[in-house]
Amino acid sequence: MRNAIILLAGGILLTATACGTAADTAAPAGSAAVVAPGVATGCQALAKAYGANMAPFAKALTETVSDPKAASKAQQALASFATAVDDATKGSEDAQLRTDGKKAAEQLRTKSGDAKFFQAIKTPEDVNKTMGQNLTEWLSPVQRHCQ
């Protein structure tokens, strides 16, 4: 399945796939950018939030393909994801990460309330696009801190 997003947190590469599983692997030596200590803690919290919320969102989104009534479950899962991103970043020592965390959370929260967006998900390809391209876009404000 397609990779949805990659977060680098404290030298650990967290890759989550659209099927909702995650695997931690050590980053190759010299490939990781240096992350400031105040940001590293926030990135670790984001990685945990991502890991805890990716599978439920992916599962709920996948269910909408066979059962359009399941869209409300996917919307709730995305809203929970938004809350987790906000919670993970609001205590950061880094002011920009706090600001960007709030922005990413708001993007997720706004999209979670868009019933038409979820009604348009009809195929596995739509799910892959949402889990890949869309989710990466929504999380881009915080992702740039954790690369």
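Scoring rules and cut-offs
- Residues numbered from 1 in each chain as written.
- Predicted model: local features only at pLDDT ≥ 70, side-chain atom pairs only at ≥ 80, totals over all residues.
- Heavy atoms only, no water.
- Disulfide = S-S within 2.5 Å.
- Helix = DSSP H or I, 4+ residues; strand = E, 2+ residues; numbered from the N terminus.
- Salt bridge = Lys/Arg side-chain N within 4 Å of Asp/Glu carboxyl O.
- Buried < 20%, exposed > 50% of the residue type's maximum accessible area, 1.4 Å probe, protein only.
- pLDDT = per-residue confidence, 0-100.

Enquirer: Quick question: what am I supposed to make of the state of the cysteines here?
Expert: Each disulfide is one covalent bond, formed between the sulfur atoms of two cysteines. Applying the stated criterion across every chain, the model contains one disulfide. What pairs with Cys43 in a disulfide is Cys146, and their sulfur atoms sit 2.0 Å apart. Disulfide Cys43-Cys146: the torsion about the S-S bond is -90 degrees, which places it as left-handed. Note that Cys43 is positioned in helix 1 (residues 37-66) and Cys146 in the segment after helix 5 (124-143), a separation of 103 residues in sequence.

Enquirer: Which parts of the structure should I look at to understand the pattern of salt bridges?
Expert: Working definition: two side chains of opposite charge can pair if their charged atoms are close together. A full pass over the atoms with the stated rule returns five salt bridges. Arg109 is the partner of Glu106 in a salt bridge, and the nearest nitrogen-oxygen pair spans 3.7 Å. Taken together, the residues span about one helical turn, with Glu106 and Arg109 both in helix 3 (residues 95-112) at a distance of three residues. Residue classification places Glu106 among the partly exposed residues on the basis of a relative accessible area of 42%. Taking the relative accessible area as the measure of exposure, Arg109 reaches 31% and is therefore partly exposed.

Enquirer: Teacher, can you tell me more about the confidence of the model for the chain here?
Expert: Regions with low pLDDT should not have their predicted coordinates read in detail. When the pLDDT values of the chain are averaged, the result is 80; 75% of them are 70 or greater. Mean pLDDT values for the elements of the chain range from 31 in strand 2 (residues 12-17) up to 97 in helix 2 (residues 71-89).

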